[in-house]
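Spelled out, the chains give:
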Amino acid sequence: MIAELGHFALIIALAMALLLSLVPMIGSFRGYSSWMRLASSLSLGQLLFVAVSFVCLAIAFLMDDFSLKYVSQNSNTALPDHYKISAVWAAHEGSLMLWALILAGWTAAVALFSRSLPLVLSARILSVLGAISVGFALFLILTSNPFERLLPMVPMEGADLNPLLQDIGLIIHPPMLYMGYVGFAVPFAFAIAALIGGQFDSAWARWSRPWINLAWVFLTIGITLGSWWAYYELGWGGWWFWDPVENASLMPWLVGTALMHSVSATEKRGVFRSWTLLLAIFAFSLSLLGTFLVRSGILTSVHAFASDPERGVFMLMFLAIVTGGSLILFALRGPAMQKVKAYSGWSREVMLLINNLILVSAMTMILIGTLYPLVADVLELGKISVGPPYFNFFFVPLTVGLVIAMGIAVFTRWKSTEVNLILGKIPVPFLVAIISAGILPFYLSLDYSYSITGGLTIFMSVWLVATIAKDLIEKMGINLKRIAKLSHSYLGMQLAHTGLAICILGVGLSSAYDQIRELRMAPGDKALIAGYEFTFSGVNAIAGPNFSAFQAHIIVTKNNQVVANLFPEKRHYNAGGQVMTEADIDPSITRDIYVSMGEPLADGAWALSLQVKPFVRCIWLGALMVSIGGLLAATDRRYRRRRQSASNNEVAL
Amino acid sequence: MHPIRKQRLQIVVLIVIASSLAAGLIVYMLGQNANYFFTPSQVLQGEAPKNITIRAGGMVVDGSIERSSDSLDVSFLVTDGLADLKIYYSGILPDLFAEGEAAIATGKLDGDKVLQASQVLAKHDENYTPPEVADAMKQAYDLKQQEQYQSQEAKK
């Protein structure tokens, strides 16, 4: 009964989305203000019905209604309740349901917070969002209905949630990621509405900035959580694999970052208008591409679970319509938006342009590396996978270039900057960075040798932090109280850039100095890694709520003092018989000690993976700072005053 | 020249140079890092290159996993139904690696058509088979059917 209610609510939501995509849009051309005003109530109605549908599915999970195919495939009576809820979005159908819910949520948020916008514009933005909802609701109802029944053969017990997904990181990782992916639908809808209207000015750019920032913050958090989860849950101690699905999330992030920077120039100086619109279109198109790559399962990846080709075709068509349609619109209207304004070689505009060039280049090379295997497969050139060296070869130098430009960019001003002014500020941070990079790597290595990766990493991080510190000191002196006088967007930027420096530190140092040993160990065996002595004291059998496990005990000592007692597990899940490695980690900022179990070998011995990973935690700590910085910038006072400014800039359409 | 035009021209030239450089590099690096997939039959027929990183995989043959007694060295056979390929690996195998299940190894072929793997991937949920392996098994199956058909025809 609940399931039918959910299904019915979903169909009503589709009908509302259909109305939303048509009525206000037509109204905006005919000048019927009553039609346009319908947009916000339709948006709220749509959210209500999608939410009802979603809650029904969640209830079906909580009540163990295994007559639903989706529930029986992804849940089990022994599953703890919080995992039953997160199982809603554990597989294809539910993920799309979450997508649809979040899209409806963003749409409703736009409806509530866009009252200050001209009616024609807000009606069109909401209509475009409605059209996207139509696509997703159709996709759900036609190809991926989560409410499909298994009648009359109702299973007594469900197949269980994939044990890999039974984890707190996986409860929040997909919603955050989707908030980001779907969030880019807002600037996309904004761009389309602006293109239809043929007008785009700085008041509109200002309106879209907090939305871009928010979507970007969610995407940043989503990617960070995914990487963190892979690190502790997959049991190999890796945090980024250049896996197609990881790439799929990084591409919209890179373009979103470019968009965030280019829209600042559009708002402040009115430049890069059509470029900003193009980036908004690409950020969302790449989000859709990501969804397509994950959900069609056409690529071999950690995320490629069993899949259905028919869905892939639907997604591909949807992607083609959205991207193709918006690019055609852009080709017709985009160039007319451009307004030429002069700026000199050392202006902030040029630095932002360099930022955009680097980010878009990085995205392009990732796109090519990710899609090349697909293209090769279609052209029958063979089955190919592109290895990490390809991505690192391009990504590392691009990042170095980006970081150097970031350091210089803080000192530039809009329009033009005196070259001598910049040249006067650079030497101190540069010298600090070079000296640190020359000395510190010797201390970080165990045998006082020099690592180029380590040196380069330290150079980049110190350079960034030093330039930021210099700029902050110039802006507020050493009186910390004056920090309150600086704008949120400035502080957010500096915090995010500092976060990037810390993230780079983690990435570079953990790559340069991590020690990984895979060993055969019998109880009582010892191993010495990076100054830590690991003693394997034995294995116990333990039982969890829905699994049984072998738990190893490993004592880590340094200079005869116990540093940590670690208990990694090898779990056997009862329902599916699946085996899972649970690593155990002794964390600290400067190093993680990471232990995981391989297989049991003869005579009570086990294969063990023992790792010491310096500064690896900085990766996620830095990324967290980046997100907080983005959030801080979104709360800038300027955006809250938009009500007045929008009325000052009456726009005729 | 008008300053704005000059600025534009500079940008265009820059973009042309940079993008052609980038395109060249990307093509080169893709060529260097594209790891081709080969089925066990293809490897044994000598279609796969030696000393270049390739990927190969199939179903792990029952009873073929051999562990060394004093290290993490391991060897096993993978099959596509027609031919068995021997794979050597040193290290921890993935959780879902098992006899009768799909596995893909990345590594280099040595002289005797044996793959020295640097990485072994197994499937990651019960219902999933890597598309490469599924295809390889299907090809081999089709080929077998065809051969059977032909031999039956020949008998007649």
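Quick note: structure is the one above.
Everything numeric in this text was worked out from a predicted model, so none of it was measured.

Thresholds applied
- Residues numbered from 1 in each chain as written.
- Chains lettered and ligands numbered in written order.
- Predicted model: local features only at pLDDT ≥ 70, side-chain atom pairs only at ≥ 80, totals over all residues.
- Heavy atoms only, no water.
- Contact = heavy atoms within 4.5 Å.
- Buried area = accessible area lost by both parts, 1.4 Å probe.
- Salt bridge = Lys/Arg side-chain N within 4 Å of Asp/Glu carboxyl O.
- Polar contact = N/O pair within 3.5 Å; in protein donor to acceptor, adjacent residues only side chain to side chain.
- Helix = DSSP H or I, 4+ residues; strand = E, 2+ residues; numbered from the N terminus.
- Nonpolar A, V, L, I, M, F, W, Y, C, P; charged D, E, K, R; others polar.
- Pairing = 2+ DSSP bridges.
- Axes fitted to C-alpha atoms, helices over the stretch in contact; angles between N-to-C directions.
- Buried < 20%, exposed > 50% of the residue type's maximum accessible area, 1.4 Å probe, protein only.
- Parallel < 35°, antiparallel > 145°, perpendicular 65-115°, else oblique.
- Left-handed = near helix turned anticlockwise from the far one by under 90°.
- Phe/Tyr/Trp six-rings, centres within 6.5 Å; stacked < 30°, edge-to-face > 60°.
- Lys NZ or Arg CZ within 6 Å of the ring centre and 35° of its normal.

## Thoughts on the interface of chain A and chain B
Now for step 1: Contact residues are listed per partner, giving 42 residues for chain A and 33 residues for chain B.
Now for step 2: Between chain A and chain B lies a buried interface of about 3,400 Å² when both sides are counted; carbon and sulfur atoms form 62% of it.
Now for step 3: For the interface between chain A and chain B, the tally reads two salt bridges.
Now for step 4: Its salt-bridge partner being Asp95(B), residue Lys570(A) comes within 2.6 Å of it at the nearest N-O pair.
Now for step 5: In this assembly, chain A and chain B are joined by 10 residue pairs in polar contact (both at pLDDT 80 or more).
Now for step 6: Of all the elements in the fold, those that place two or more residues in the side of chain A that touches chain B are helix H13 (348-378), strand E1 (384-386), helix H14 (388-409), strand E2 (515-521), strand E8 (579-582), strand E10 (591-600) and strand E11 (606-614) of chain A.
Now for step 7: For the side of chain A that touches chain B, the residue count by class is 25 nonpolar, 12 polar and five charged.
Now for step 8: Examined bridge by bridge, E1(A) and strand E1 (residues 34-38) of chain B share three bridges and lie antiparallel to one another.

## Section: the sheet that holds E2(A)
Residues and elements named next belong to chain A.
Now for step 1: Strands sit in the order E2-E11-E10-E9 across an open sheet of four strands; the sheet is antiparallel. Unpaired on one side and paired on the other, E2 and strand E9 (584-586) mark the two borders of the sheet. Taking the axes of each pair of neighbouring strands and ignoring which way they run, one obtains an average angle of 20° across the sheet.
Now for step 2: When E2 meets E11, the two strands line up antiparallel, connected through seven bridges. Residue pairing across strands places arginine 517 opposite leucine 610, the latter belonging to E11.
Now for step 3: Seen against the sheet, helix H9 (residues 202-233) touches E9, E10 and E11 and runs at an angle of roughly 55° to E10.

## Considerations on the pattern of salt bridges
Side chains carrying opposite charge are able to pair once their charged atoms draw close together.
Residue and element names in this part refer to chain A.
Now for step 1: Considering all chains together, one arrives at 18 salt bridges over all chains under this definition.
Now for step 2: Across the pair arginine 571 and glutamate 569 runs a salt bridge whose closest N-O atoms are separated by 2.8 Å. Residues arginine 571 and glutamate 569 agree in their burial class; the two are buried.
Now for step 3: Through salt bridges with shared partners, a single ionic network connects Glu4, Asp65 and Arg149.

## Overview of the packing of helix H5 (residues 92-113) of chain A against helix H7 (residues 168-183) of chain A
Residues and elements named next belong to chain A.
Now for step 1: With their axes 9 Å apart at the nearest point, H5 and H7 run at an angle of 50° to one another. With respect to H7, the element H5 is oriented oblique. In this structure, H5 crosses over H7, and the sense of that crossing is right-handed. Packed against H5, whose contacting residues are Ser95, Leu98, Trp99, Ile102, Leu103 and Trp106, the element H7 presents Pro174, Pro175, Tyr178, Met179, Tyr181, Val182 and Gly183 at the interface.
Now for step 2: Looking at the contact of H5 with H7 residue by residue, the classes come out as 11 nonpolar, two polar and no charged.

## Considering the packing of aromatic side chains
Residue and element names in this part refer to chain A.
Now for step 1: For the coordinates displayed, the defined rule picks out 30 aromatic pairs over all chains.
Now for step 2: Taking the centre distance of 4.0 Å and the plane angle of 10° together, the rings of tryptophan 99 and phenylalanine 136 count as stacked. Placement of the pair is tryptophan 99 in helix H5 and phenylalanine 136 in helix H6 (residues 119-143), with a sequence separation of 37 residues.
Now for step 3: Under the relative-accessibility criterion, tryptophan 99 is labelled buried at 1%.
Now for step 4: Where phenylalanine 430 meets phenylalanine 459, the ring centres are 5.8 Å apart and the plane angle is 80°; that geometry is what we call edge-to-face. In this pair, phenylalanine 430 sits in helix H16 (residues 427-444) while phenylalanine 459 sits in helix H17 (residues 452-476), placing the two residues 29 residues apart along the sequence.
Now for step 5: Its relative accessible area of 12% is what places phenylalanine 459 among the buried residues.
Now for step 6: Over the ring of phenylalanine 29 we find arginine 124, and its NZ or CZ is 4.7 Å from the ring centre.

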